[in-house]
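Next come the chains, spelled out residue by residue.
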Amino acid sequence: MTASPRSEAARDLSREDLSPEDLSPEDIVRSRDRKRVHGARLAGRQWYLLWLIAGPGILTMLGENDGPSIVSYTTAGATYGLGFFLPFILVTFAMAVVCQEMCMRVGAVTHRGYGKLVLQRFGPGWGWFAAGDLLFTNLVTLIAEFVVIRIGLAYFGLGPGVAAALGIVLVVFTLGRGRYWRWERIALALAVFNGLFVVAAILVKPNWALVGQSMVTFSPFPHGSFNTLLLLVASTIGATVTPWMVFFQQSASADKGMTSLDLRHGRLDTIAGGGLAALFGCGAFIVGAALAAHGGSGIQGLAGAGFPGALAHASGNLVAGVFALGLIEAGALAILTISASTGYAAGECIGVTHSFNNSPRKARLFYGVSVAVALIAAGIVLIPGAPLLSIALNANVLATVLLPVTLVFLIMLASDRQLMGRWANRRWTNRVAIAIVAFVSVCGTAYGIDSFLQAIHII
Amino acid sequence: MRDATKRPAATPPPTPPKLATRHNGADLSSYLEPDQLVADTDRPVPRAQLTRRVSTALWILRIFTILVGAMVIYVFFSQLGS
């Protein structure tokens, strides 16, 4: 990767000699945001500082409470009812917080995105593999996001064309103006509506004593088809830790201009995001569990994912409407974050400008890729008769299967003392992170091999 | 292309007091850390020297995930067929 001539000139200047003219437009926009952070820190305004720094963590976590994830939680609830999967969602988000804290830390300390660092530190081969994995899983996941928006809109009588148009318009609308802060705040405003799943959960009037009992005892443990259980375990993991989250949070932390001084608030941002996402995910699960009492009936409507219709039948139109709106929000937010992560990865690996702090004219590839992947996914979802539920669940499983390689490189980067200095992983962090990789690998592999052997009629 | 090996590792960011004393004046660059400028992040970090054992382990993991991923994709399409 070669730096531009302008970069070569700027690099030779000492820090003290730098003037605003030597800064790129991206630097200037970022430094204005950092000026506010600096002022808040000097004034000791901790809550304002948290407001300024928060964003990448919450967006990543709530972005991952996306369409396929909500479908996974609701399917698990509708299939097994209250029990093991409810606390399991909390466990998977605890795993996600460990992984995402590393992303935030590496991004803030090195000021580089994941794709760029893997490519520079481990060579182009590994960098392109990582970007290839991401592009593939992102495309599949984006298709699933449009599918879920389609499901939500269908409840209100709107067709797939509206779903495709809504997603594309949203992506294009948020990308303009050349400022990361603006993009992040719009996405955060949208993310608030992820809370609709908790509203829906309250409206279905669950047995709260049973909810509490499930949380504490992890029981009753699911019975029935082993393969279905593995599918739902793998897709629940895939619903909380995925390759795009790693790319997105590290790149967004660097793009936002976070530094090692912001690590404490960055951790709070990540933990808050994980807590909120777990709460909202549990809400979706509880809504699904309301369907279990009706034998999970109706979820195979609308070519395989008729949750809102089934809820209307089981719990009333209000619950169904709130849930359908939640599905639309979940898909829409994820379209923003996943398309952004694809743009970051493409820009980082090709070595061109990749920042929301640049105008679309100056970062054509970054913005172009973000819109292009959304367009392709929207086009595919318009194909009539697509197996919606299967796409949504398998998108998460695929992400789970490809995740271990992404996490291994993340651990290597976060443990790298040459890069991270005193902010490198401590021994216990590495132990926990390696245990997570092992767990994710076993679950993804178990489902992959078991279902493959069934498909070829060996078992 | 610059020789990445001659480039030192990403330098640690400045300490808070140093940053605090430099925020006066119109120079926006003082709000960014020295290695945070686009010009600096464009510079590659040095390549990691992976041992043969680590490289082999990474390749095994890579091939393994591709195989399992292919199984998942096969199952997905076979379910479509049925």
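Note that the structure is a prediction, hence the values are computed from the model and not measured.

(A) Spatial organisation of the overall build of chain B. On a plain count of helices and strands, chain B comes out with 3 helices and 0 strands. Ordered by position from N to C terminus, the α and β elements of chain B give α-α-α. Summed over its atoms, the accessible surface of chain B is roughly 4800 Å², and 64% of this surface lies on carbon and sulfur atoms.

(B) Seen up close, the overall build of chain A. Per the secondary structure count, chain A includes 22 helices and 0 strands. Scaling as 2.2 N^0.38, a compact globule of 459 residues should have a C-alpha radius of gyration of about 23 Å, and chain A matches this with 22 Å. Seen through its C-alpha atoms, chain A measures out along the principal axes to roughly 70 × 50 × 45 Å. Burial statistics for chain A: of 459 residues in total, 64% are counted as buried. Residue pairs in contact within chain A that sit at least 24 positions apart in sequence constitute 83% of those at least 6 positions apart. Surface summary for chain A: the accessible area is close to 15700 Å², and the carbon and sulfur share equals 68%. Within chain A, the 22 negative side-chain charges are centred at a point lying 5 Å from the centre of the 31 positive side-chain charges.

(C) Quick peek at the confidence of the model for chain B. Residue and element names in this part refer to chain B. For chain B, the mean per-residue pLDDT works out to 72, and 62% of the residues sit at or above 70. Here helix H1 (residues 16–21) is the element of chain B with the lowest mean pLDDT, 41, and helix H3 (residues 52–81) is the one with the highest, 87. In this model residues 1–7 is a low-confidence stretch, pLDDT under 50, and it forms 9 contacts with partners more than four residues away in sequence or in other chains. ipTM for the predicted complex: 0.76, alongside a pTM of 0.85.

(D) Seen up close, empty space enclosed by the protein. All names here are of chain A. The full count for this structure, using the stated rule, is 4 cavities of 30 Å³ or more. Estimates place the volume of the largest cavity at around 100 Å³. As for the largest cavity, its lining consists of Asp33, Arg34, Arg36, Val37, Leu52, Ile53, Tyr180, Trp181, Lys256 and Met258. Elements supplying a minimum of two residues to the lining of the largest cavity: helix H2 (25–43), helix H3 (46–53) and helix H10 (180–191).

(E) Quick peek at the state of the cysteines. Residues and elements named next belong to chain A. In the structure shown here, the tally under the stated rule is 0 disulfides over all chains. Counting only cysteine sulfurs, cysteine 99 is the nearest neighbor of cysteine 103, a cysteine outside any disulfide, at a range of 7.2 Å. In this structure cysteine 349 is not part of a disulfide, and its nearest cysteine sulfur, from cysteine 103, lies 15 Å away.

(F) Region of interest: unusual backbone geometry. Residues and elements named next belong to chain A. Look at the link from serine 219 to proline 220: it is a cis peptide, with omega at 0°. Turning to its location among the elements, proline 220 is positioned in the loop between helix H12 (208–217) and helix H13 (226–238). Phi is positive for histidine 111, which is not a glycine, with a value near 60°.

(G) Spatial organisation of the layout of surface pockets. The volume enclosed by the second largest pocket comes to roughly 380 Å³. As for the second largest pocket, its lining consists of 20 residues, and the residues nearest its centre are Val140, Ile143 and Ile391 of chain A together with Phe76 and Phe77 of chain B. Taken together, the elements giving at least two residues each to the lining of the second largest pocket come down to helix H8 (124–155), helix H19 (364–381) and helix H20 (388–415) of chain A together with H3 of chain B.

(H) Region of the structure containing the pattern of salt bridges. Taken as a whole and assessed by the stated rule, the structure comprises 14 salt bridges over all chains. In this structure, the salt-bridge partner of arginine 179 of chain A is aspartate 33 of chain A, at a minimum N-O distance of 2.4 Å. In this pair, arginine 179 of chain A is assigned in the loop between helix H9 (160–175) and H10 and aspartate 33 of chain A in helix H2, connecting sequence segments 146 residues apart. Between aspartate 42 of chain B and lysine 116 of chain A there is a salt bridge; the shortest N-O distance is 3.9 Å.

(I) The packing of aromatic side chains, seen in detail. Residue and element names in this part refer to chain A. Following the criterion strictly, the structure yields 29 aromatic pairs over all chains and no others. With 4.5 Å between their ring centres and 15° between their planes, tryptophan 183 and phenylalanine 356 make a pair best called stacked. In this pair, tryptophan 183 is assigned in helix H10 and phenylalanine 356 in the loop between helix H18 (317–350) and H19, connecting sequence segments 173 residues apart. As far as the burial class goes, tryptophan 183 and phenylalanine 356 line up, both buried. Geometrically, the ring pair formed by phenylalanine 356 and phenylalanine 366 is edge-to-face, given 5.0 Å between the ring centres and 80° between the ring planes. You can see phenylalanine 356 sitting in the loop between H18 and H19 and its partner phenylalanine 366 sitting in helix H19, a full 10 residues away along the chain. As far as burial versus exposure is concerned, phenylalanine 356 and phenylalanine 366 are alike and both buried. An aromatic cluster is built from Tyr180, Trp183, Trp244, Phe248, Tyr344, Phe356, Phe366 and Tyr367, whose rings are joined through pairwise contacts. Sitting above the plane of the phenylalanine 173 ring, arginine 182 keeps its charged end 5.4 Å from the centroid.

(J) Looking closely at a nonpolar patch on the surface. Residues and elements named next belong to chain A. Where nonpolar side chains cluster on the molecular surface, the patch consists of Trp128, Ile350, Val352 and Leu365 and spans about 330 Å² of accessible area. Within the element layout of this structure, leucine 365 appears in helix H19. Judged by relative accessible area, leucine 365 falls into the partly exposed class, the value being 30%.

(K) Structural view of the packing of helix H11 (residues 196–203) of chain A against H18 of chain A. Residues and elements named next belong to chain A. Contact pair H11 / H18: the axes reach a minimum separation of 8 Å and the direction vectors enclose 160°. Taken together, the axes of H11 and H18 are roughly antiparallel relative to one another. Crossing hand, H11 versus H18: left-handed. Contact with H11, carried on its side by Leu196, Phe197, Val199, Ala200 and Leu203, involves Leu318, Val319, Val322, Phe323, Leu325, Gly326, Leu327 and Ala330 of H18 and no other residues of that element.

(L) Representation of the nonpolar core in the model. Residue and element names in this part refer to chain A. Grouped together as the largest cluster of nonpolar side chains are 154 residues, with contacts concentrated most on Phe85, Tyr114, Trp183 and Phe356. In terms of residue count, H18 provides more of this core than any other element does, 16 residues in total. Beyond its immediate sequence surroundings of up to four residues, tryptophan 183 is in contact with Leu59, Thr174, Leu175, Phe248, Leu336, Thr337, Ala340 and Phe356.

(M) Highlighting helix H7 (residues 114–122) of chain A. In terms of burial, H7 of chain A is largely enclosed, as 9 of its 9 residues are buried. Backbone geometry just after H7 of chain A places glycine 123 of chain A at a positive phi near 105°.

(N) Highlighting the environment of alanine 292 of chain A. Residues and elements named next belong to chain A. Tracing the chain through its elements places alanine 292 in helix H15 (residues 263–292). For alanine 292, a relative accessible area of 25% gives the class partly exposed. For alanine 292 and alanine 209, which are 83 residues apart along the polypeptide, the C-alpha to C-alpha distance reads 17 Å.

The rules behind each value
- Residues numbered from 1 in each chain as written.
- Chains lettered and ligands numbered in written order.
- Predicted model: local features only at pLDDT ≥ 70, side-chain atom pairs only at ≥ 80, totals over all residues.
- Heavy atoms only, no water.
- Helix = DSSP H or I, 4+ residues; strand = E, 2+ residues; numbered from the N terminus.
- Areas by Shrake-Rupley, 256 points an atom, 1.4 Å probe, with all protein chains shown as cover.
- Rg over C-alpha atoms; globule rule 2.2 N^0.38 Å.
- Buried < 20%, exposed > 50% of the residue type's maximum accessible area, 1.4 Å probe, protein only.
- Contact = heavy atoms within 4.5 Å.
- Lys, Arg positive; Asp, Glu negative; His and termini not counted.
- Charge placed at Lys NZ, Arg CZ, Asp CG, Glu CD.
- pLDDT = per-residue confidence, 0-100.
- 1 Å grid on protein atoms, 1.4 Å probe; cavity = no way out; pocket = protein on both sides within 12 Å on 5 of 7 lines; lining within 4 Å.
- Points joined across faces, edges and corners; volume = space filled by probe spheres on them.
- Disulfide = S-S within 2.5 Å.
- Salt bridge = Lys/Arg side-chain N within 4 Å of Asp/Glu carboxyl O.
- Phe/Tyr/Trp six-rings, centres within 6.5 Å; stacked < 30°, edge-to-face > 60°.
- Lys NZ or Arg CZ within 6 Å of the ring centre and 35° of its normal.
- Patch = residues over 30% accessible without salt bridge, like charges linked within 9 Å, V, L, I, M, F, W, Y side chains within 5 Å.
- Axes fitted to C-alpha atoms, helices over the stretch in contact; angles between N-to-C directions.
- Parallel < 35°, antiparallel > 145°, perpendicular 65-115°, else oblique.
- Left-handed = near helix turned anticlockwise from the far one by under 90°.
- Core = buried A, V, L, I, M, F, W, Y, C linked by side-chain atoms within 4.5 Å.

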